[in-house]
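# Topology and contacts: notes
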Amino acid sequence: MKRAVYPGSFDPVTLGHLDVIKRSAKLVDELIVAVLQNNKKNPLFSVEERVKILKEVTKDISNIRIESFSGLSIDFAQRCEAGFLVRGLRAITDFDYELQMAQTNRIMAPEVDTVFLTTSLEYAYLSSSTVKEVAFYGGDISKFVPEPVVRAIESKLAERQPMK
Ligand code: ADP
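Residues numbered from 1 in each chain as written. Predicted model: local features only at pLDDT ≥ 70, side-chain atom pairs only at ≥ 80, totals over all residues. Heavy atoms only, no water.

The next thing to look at is the packing of helix 2 (residues 47-57) against helix 6 (residues 147-160). Running from N to C, helix 2 and helix 6 cross one another at 155°; their axes reach a closest spacing of 10 Å. With respect to their mutual orientation, helix 2 and helix 6 come out roughly antiparallel. Here Glu49, Ile53, Glu56 and Val57 of helix 2 come into contact with helix 6, specifically with Pro148, Val149, Arg151, Ala152 and Lys156. (Axes fitted to C-alpha atoms, helices over the stretch in contact; angles between N-to-C directions. Helix = DSSP H or I, 4+ residues; strand = E, 2+ residues; numbered from the N terminus. Parallel < 35°, antiparallel > 145°, perpendicular 65-115°, else oblique. Contact = heavy atoms within 4.5 Å.)

This is the structure:
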């Protein structure tokens, strides 16, 4: 059984993440998308909300599980008995950090290999933080995120900025 874990904050999931999810699901028997509980990042969506959105936007993929975790991705991958950690690479700016993490993780768990998928060009610029920034200032994010995320962000921002 080839199993991979794709960890991330997914706050919120973007079309760039979804592209990596769809492509990596084809490479393995089971893909676990693992949502990091990271209080330091002051997320827009709670872990439960992020898991729910991810489940909705991946409902057509049969070999996928959405889970949440806290702590180190590599420990979570080991607990899941995964052979691979999936990460996405957008630009050279991702590379330095990702290489450092992959090398560190290999020392901690040599049985888990990190696999990088390079972003599809149309999503190379895309990040969750850009999406939040655009949405916060009232911009159209429908080209950057799946439809359920557009609605979820709208209601989240309405909650945060109640009409006077
Ligand atoms: P993290 O906090 O772990 O960086 P993110 O949710 O921002 O969590 O990203 C999770 C993974 O997805 C990372 O490997 C990141 O490089 C990758 N990723 C993010 N956006 C894109 C994109 N547009 N194309 C490809 N990979 C991406």
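The next subject is the sheet that holds strand 4 (residues 84-89). In spatial order, the strands read 3-2-1-4-5; together these five strands make up an open sheet with parallel pairing. Strands with a single pairing partner mark the edges of an open sheet, and in this sheet they are strand 3 (64-69) and strand 5 (113-118). Between one strand and the next, the sheet's axes are offset by a mean angle of 30°, whatever the strand orientation. Sheet topology places strand 1 (residues 3-8) next to strand 4; two bridges connect them, and they run parallel. Bridge pairing links Ala4 to Phe84 in strand 4. Packing of helix 4 (residues 92-108) onto the sheet brings it into contact with strand 4 and strand 5, and relative to strand 4 it is tilted by some 170°. (Pairing = 2+ DSSP bridges.)

A word on helix 2. Considered for burial, the residues of helix 2 that qualify are Val47, Arg50, Val51, Ile53, Leu54 and Val57. The arc enclosing the buried residues of helix 2, seen along the axis, measures out at 165°, which places them on a common side. Exposed residues pointing more than 90 degrees away from the buried face of helix 2 are listed as Glu48 and Lys52. Check the buried side of helix 2 and you find it contacts helix 1 (15-25), strand 2 (30-36), strand 3 and helix 6. (Buried < 20%, exposed > 50% of the residue type's maximum accessible area, 1.4 Å probe, protein only. Arc of directions from axis to C-beta.)

We now examine the environment of Asn63. Structurally, Asn63 is set in the loop between helix 2 and strand 3. As a C-alpha pair, Asn63 and Val28 span 35 residues in sequence and 8.4 Å in three-dimensional space. Within the structure, the side chain of Asn63 is placed 2.8 Å from the backbone oxygen of Ala25, a separation counted as a polar contact. From its side chain, Asn63 meets the backbone oxygen of Asp29 in a polar contact 3.3 Å long. (Polar contact = N/O pair within 3.5 Å; in protein donor to acceptor, adjacent residues only side chain to side chain.)

Okay, the packing of aromatic side chains next. Across all of its chains, the model carries four aromatic pairs by this definition. With centroids separated by 5.2 Å and ring planes inclined at 80°, the aromatic side chains of Tyr6 and Phe10 adopt a geometry described as edge-to-face. Tyr6 gets classed as buried once you look at its relative accessible area, which sits at 5%. (Phe/Tyr/Trp six-rings, centres within 6.5 Å; stacked < 30°, edge-to-face > 60°.)

Glancing now at the site of the ligand. Looking at the ligand, there are 17 residues lining it, with Tyr6, Ser9, Lys41, Gly88 and Tyr123 nearest. Between the ligand and the protein, one listed contact pairs an oxygen atom with a backbone N or O atom of Gly88 at 2.6 Å. At 3.1 Å from a nitrogen atom of the ligand is found a main-chain nitrogen or oxygen belonging to Leu126. In isolation the ligand offers 550 Å² of accessible surface; the protein chains occlude 89% of this area. Elements with a contribution of two residues or more to the shell around the ligand: strand 1, helix 1, strand 4 and helix 4. (Near = heavy atom within 4 Å. Areas by Shrake-Rupley, 256 points an atom, 1.4 Å probe, with all protein chains shown as cover.)

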